[in-house]
Amino acid sequence: MQEHSPPMLAAIDIGSNTIHIVVARCRPDNLDIIEDQVELVRIGESVTATGAISTEKRDAAIAVLRQYRVLAEQHSARQIFTVATEAIRKASNSNEFLEDIKRETGLEVRLISGTAEATLTFYGATYEESRQAGRPARIAVMDLGGGSTELVTARNMYITWRTSLPIGSGWLHDRYLPENPPTPDDLAVAHTFLKTYLQGIRMKPQPPMLIVTGGSANSLLLLARQAFRLDPSSKHLTYDDLLRCEGLMSALPAEEISQRYQQPLGRARILPAGALIIREVMSRLNLHEISVSPHGIREGVLLAYARYGESWLERVNEEASTSTFPAGANHEKAAILEGEPEEAFIHAGQRMLRERVEKLLDWRDEVLRNEDIEAIHKMRVATRRLRATLDAFESSCEPGQFKRVYRRIKKMADLLGSARDTDVMVQGLRAQLEQVPEDEIAGLRWLIQRLATYRQQRQQALVDLFSRLDEKDLKKQVESCIREGNLSYGES
């Protein structure tokens, strides 16, 4: 009896960084992939900046989706499944965006939850691994996207825990790493945020194997292969490999990384953020090495349909809603604390915020003396680290108090920043005095004098600010951002 050919299907993932399509012949436990294409659109960039999907990003996304529909139809795909994730979940105009897509492309987009995304990603990232002998009983999967990171643990290929964290490579880049290449100070602040945020994630027992998927992970693997001559067939990256990648990307601008190592420029810009997130998760889980998978949510969608038919998303949502924790328990809270009292996390946040504000205030007298221009710089970095710690604990903070404190610290940071930037400009111009033609010296000195006057005004503004500053009141305000009973972490 002749076996029926498996159906040809297509799955499109509209993510924060990319829009990605896979076309494949689908069986419940295997895929024969015919097409695998990706476009870097960075929808999440506009969502991070304004809270909404911009007209420019909307038009770019629709243009890509039109092309993908044609591609799927060229391969006679029986159905095209389209899902959207974190950036669209967050966008204030997501409904209008999805309606525009349906009207202009005919594609119906399903906006999936973070835990459904984690479940589908697990299906996709592990379907090849599940057929291999010698794999460990306990594994974890991490999907690093542009706007979110999904984490899943499993035993014998059955999911035991999952969560979705609203941080990703694009988001971290836009929020903390705007320079090209990223500066040591910016990397230090981003590291402060990640280390603080990830300390709340406790997966016990810790998995011996972590499979990482997503554009950043795969791009880093390609970069490491080319830059450090890793085995071209290897799918593994060590902690040291990532450190070397970070060092390379801190030394060279994105344009040079793109040209030398055949990376799309848009990807090269956000790759340092991706490397930092992966390395921090490895550190948090005490892992020396990861395995990189080219498969993810798209393959997961196709496998889910092959297994469950038309009710695939309902079955995935049902599975995503189940938990190994006791019935009635708060899934997110249990996932983070695993038996630890809620106060432990809250008190850790209060302690860390107190330490950050004390470190900031340590520079107050040096700034007022104005004898060492580096004091301004150190205090500015301290304000940014305090804000990064506030960011990490935002979901556990009282919203009104958080906003008031955040604005207060940002105002201080902006004033310190304007003084610091002026110092740097004056230093640079003074260094040029000995090199410029004689007929330009007078103009240069006039500009230096104008900047020096402006710097004096900035110094007076700092004196006024700090003379009115009640240190005890500031410490109390910052520490009281986190309230008992406000614990919330990640997304479900």
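Scroll up for the structure.
Residues numbered from 1 in each chain as written. Predicted model: local features only at pLDDT ≥ 70, side-chain atom pairs only at ≥ 80, totals over all residues. Heavy atoms only, no water.

(A) Main features of the overall build of the chain. Within the chain one finds 20 helices and eleven strands. Taken over C-alpha atoms, the radius of gyration comes to 25 Å for the chain, in line with the 23 Å a tight globule of 492 residues would show. A principal-axis box enclosing the C-alpha atoms of the chain has dimensions of 90 × 60 × 45 Å. Within the chain, residue pairs in contact and separated by at least 24 positions form 72% of the contacts whose partners lie at least 6 positions apart. Summed over all atoms, the accessible surface of the chain reaches about 22500 Å², with 47% contributed by carbon and sulfur. Separation between the mean location of the 63 positive side-chain charges and that of the 69 negative ones in the chain comes to 3 Å. (Helix = DSSP H or I, 4+ residues; strand = E, 2+ residues; numbered from the N terminus. Rg over C-alpha atoms; globule rule 2.2 N^0.38 Å. Contact = heavy atoms within 4.5 Å. Areas by Shrake-Rupley, 256 points an atom, 1.4 Å probe, with all protein chains shown as cover. Lys, Arg positive; Asp, Glu negative; His and termini not counted. Charge placed at Lys NZ, Arg CZ, Asp CG, Glu CD.)

(B) Expanded view of the packing of helix 6 (residues 169-176) against helix 7 (residues 184-198). Packing of helix 6 against helix 7 brings their axes to within 10 Å, and their N-to-C directions diverge by 130°. Judged by the inter-axis angle, helix 6 sits oblique to helix 7. Of the two possible hands of crossing, helix 6 and helix 7 adopt the one that is right-handed. Here helix 6 contributes Trp171, Leu172 and Tyr176 to the contact with helix 7, which in turn contributes Asp186, Val189, Ala190, Phe193 and Leu194. Grouping the amino acids of the contact of helix 6 with helix 7 by side-chain chemistry returns seven nonpolar, no polar and one charged. (Axes fitted to C-alpha atoms, helices over the stretch in contact; angles between N-to-C directions. Parallel < 35°, antiparallel > 145°, perpendicular 65-115°, else oblique. Left-handed = near helix turned anticlockwise from the far one by under 90°. Nonpolar A, V, L, I, M, F, W, Y, C, P; charged D, E, K, R; others polar.)

(C) Fine view of the sheet that holds strand 10 (residues 236-238). The strand order across the open sheet built from six strands is 8-7-6-9-11-10, with neighbouring strands paired in mixed fashion. Here the strands that pair on one side only, and so sit at the sheet edges, are strand 8 (158-165) and strand 10. On average, each strand axis in the sheet is tilted by 25° relative to the strand beside it, whichever way the strands run. Two elements, strand 9 (residues 210-213) and strand 11 (residues 289-293), share three bridges in a ladder whose sense is parallel. Note on strand 11: the bridge partner recorded for Ile211 is Ser291. (Pairing = 2+ DSSP bridges.)

(D) Structural context of the layout of surface pockets. Its boundaries defined by the atoms lining it, the largest pocket holds a volume of some 670 Å³. For the lining of the largest pocket, the elements supplying multiple residues, two or more each, are strand 2 (18-27), strand 3 (30-40), strand 6 (138-144), helix 8 (215-228) and helix 12 (297-308). Among the residues making up the lining of the largest pocket, the classes are represented as seven nonpolar, 21 polar and eight charged. (1 Å grid on protein atoms, 1.4 Å probe; cavity = no way out; pocket = protein on both sides within 12 Å on 5 of 7 lines; lining within 4 Å. Points joined across faces, edges and corners; volume = space filled by probe spheres on them.)

(E) Structural detail: unusual backbone geometry. Asn180 connects to Pro181 through a cis peptide bond whose omega is -5°. Assignment of secondary structure puts Pro181 in the loop between helix 6 and helix 7. With a phi angle near 55°, Arg229 is a residue other than glycine that sits in the positive phi range. With respect to the element layout, Arg229 can be found in the loop between helix 8 and strand 10. Among the residues examined, Arg229 registers a relative accessible area of 80% and is labelled exposed. (Buried < 20%, exposed > 50% of the residue type's maximum accessible area, 1.4 Å probe, protein only.)

(F) View of helix 5 (residues 114-126). With 13 residues, helix 5 extends 18 Å from end C-alpha to end C-alpha; this agrees with the ideal 18 Å at 1.5 Å per step. In terms of residue burial, helix 5 counts as a mostly covered element, since 13 of its 13 residues are buried. (Expected span 1.5 Å × (residues − 1).)

(G) Empty space enclosed by the protein, seen in detail. Enumeration according to the criterion identifies two cavities of 30 Å³ or more in this entry. Contributing to the lining of the second largest cavity are His173, Leu177, Glu179, Pro182, Arg269, Pro272 and Ala273. When its residues are assigned to classes, the lining of the second largest cavity shows four nonpolar, one polar and two charged.

(H) Summary view of the nonpolar core. If you look at the biggest cluster of nonpolar residues, it comprises 84 residues, and the most contacted ones within it are Leu172, Phe193, Leu220 and Ile278. Considering each element in turn, this core owes the most residues, ten residues, to helix 11 (residues 265-285). Look past the residues within four positions of Phe193 in its chain and what remains in contact with it is Ile167, Trp171, Leu172, Tyr176, Ala388, Asp391 and Ala392. Ala24, Cys26, Ala118 and Tyr127 belong to the second-largest nonpolar core, a separate cluster that totals 32 residues. (Core = buried A, V, L, I, M, F, W, Y, C linked by side-chain atoms within 4.5 Å.)

(I) Seen up close, the pattern of salt bridges. All chains considered together, the criterion is met by 29 salt bridges. The closest approach of N and O atoms between Glu117 and Arg89, which form a salt bridge, is 3.0 Å. Taken together, the residues Glu117 in helix 5 and Arg89 in helix 3 (residues 86-90) connect sequence positions 28 residues apart. The exposure class assigned to Glu117 is buried, which follows from its relative accessible area of 4%. The partner of Glu471 in a salt bridge is Arg364, with the nearest N and O atoms 2.9 Å apart. Here Glu471, found in helix 20 (residues 471-479), pairs with Arg364, found in helix 16 (residues 364-369); they are 107 residues apart in sequence, far enough to count as distant. The buried category is assigned to Arg364, whose relative accessible area is 13%. (Salt bridge = Lys/Arg side-chain N within 4 Å of Asp/Glu carboxyl O.)

(J) Representation of a positive patch on the surface. On the surface, Lys403, Arg404, Arg407 and Arg483 cluster together into a positively charged patch. Tracing the backbone through its elements, the reader meets Lys403 in helix 18 (residues 399-432). (Patch = residues over 30% accessible without salt bridge, like charges linked within 9 Å, V, L, I, M, F, W, Y side chains within 5 Å.)

(K) Broad picture of the sheet that holds strand 5 (residues 109-111). If you walk across this open sheet you meet the five strands as 3-2-1-4-5, and the pairing is mixed. In this open sheet, the two edge strands, each paired with only one partner strand, are strand 3 and strand 5. Taken over all neighbouring pairs, the strand axes of this sheet differ in orientation by 20° on average, direction set aside. Taken together, the seven bridges between strand 1 (residues 8-14) and strand 2 define a ladder with antiparallel strand orientation.

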